[in-house]
Amino acid sequence: ILTGALTYLVVRPMMLARTSALLVHLAVFYLFATLLLSTYGQDNPMWWQRSFSYLGMDASNTRLIFDLGLVLTGILVVTWQYFFMDDFALLEARNLLGTRGSRIVRMVLITAGVLLAFVGIFRYGISPFFNVVHDMSATGMGVLFGLLMISLHWVVSGYQRIFYLVSAVMALLIVVAAVLKVAGFYSLVGLELAGFALAGMWLVLFYRNTELLVARVLVDDHR
């Protein structure tokens, strides 16, 4: 009875949720589940002295969990943006978003999803070429999200001012984490974890605030 009740409480909201809402939460959950499972099952207790990339290397016993998890998360992000951009089509029709802004958001989300998948596909430690592609994919993904967070006010208008402020603060925190890494206060794993956490939280906030903006526009249309 308890199992049935818990299943109902968990599954019912998911069945009622919009596709875009389900996908973005699933993508963020899958990302952190990948990190949790691959670190929890890791045989090397000192893996954190290297980087998250170690979890996908040949020496790691959890490389399949880590690599496949990142690939599937990247696919989820690319799939999610297809449904998410329907909201931007509505905002574009109401002149709250230009065609250029819509293209920028779509490009960033698709590219970030592809780069995240590349991190899992091009495993570190196989060859110098794979190492370069792996590092560039991971770094490029973080830079793309950071730039979108900072420039969101100029890309999309209409959000509440507090969301623009929160976006800028979260981008600044990623920069602070990078500075702390260079200064020796953060390990590379600390920087990567901060980047994953902040980018994941911001992605959910971005989706939620877009939904609120669309709802406000629709209410205004009915008045």
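This text follows the structure it describes.
Here's a quick rundown of the structure. Being a predicted model, the structure only gives us computed values, none of them experimental. (Residues numbered from 1 in each chain as written. Predicted model: local features only at pLDDT ≥ 70, side-chain atom pairs only at ≥ 80, totals over all residues. Heavy atoms only, no water.)

Another point: the side chain of Ser-51. Here Ser-51 is to be found in the loop between helix H2 (19-40) and helix H3 (63-93). A distance of 3.2 Å separates the side chain of Ser-51 from the backbone nitrogen of Ser-53, its partner in a polar contact. Other than its neighbours up to four places away in sequence, Ser-51 contacts Leu-188, Val-189 and Glu-192. (Helix = DSSP H or I, 4+ residues; strand = E, 2+ residues; numbered from the N terminus. Polar contact = N/O pair within 3.5 Å; in protein donor to acceptor, adjacent residues only side chain to side chain. Contact = heavy atoms within 4.5 Å.)

According to the stated counting rule, one finds 2 salt bridges in the structure shown. When the shortest N-O distance is used, the salt bridge between Arg-123 and Asp-58 registers 2.6 Å. Taken together, the positions of Arg-123 in the loop between helix H4 (99-121) and helix H5 (128-155) and Asp-58 in the loop between H2 and H3 put the pair 65 residues apart, joining distant regions of the chain. Across the pair Arg-123 and Asp-67 runs a salt bridge whose closest N-O atoms are separated by 3.6 Å. Taken as a pair, Arg-123 in the loop between H4 and H5 and Asp-67 in helix H3 lie far apart in primary sequence, 56 residues in all. By relative accessible area, Arg-123 is classed as buried at 18%. By relative accessible area, Asp-67 is classed as buried at 8%. (Salt bridge = Lys/Arg side-chain N within 4 Å of Asp/Glu carboxyl O. Buried < 20%, exposed > 50% of the residue type's maximum accessible area, 1.4 Å probe, protein only.)

Here we take up H3. Between the first and last C-alpha of H3 there are 45 Å, a value that for 31 residues agrees with the 45 Å anticipated at 1.5 Å per step. Maximal helix bending in H3 amounts to about 30 degrees, located at Tyr-82. Directly beyond the C-terminal end of H3, a positive phi value near 65 degrees is found at Asn-95. (Expected span 1.5 Å × (residues − 1). Bend = angle between axes of the 7 residues up to and from the residue.)

Our focus in this paragraph is the side chain of Arg-123. At 3.3 Å, the side chain of Arg-123 forms a polar contact with the backbone oxygen of Gly-56. Those residues in contact with Arg-123, other than ones at most four positions away along the chain, are Gly-56, Met-57, Asp-58, Arg-63, Asp-67, Phe-130, Asn-131 and His-134.

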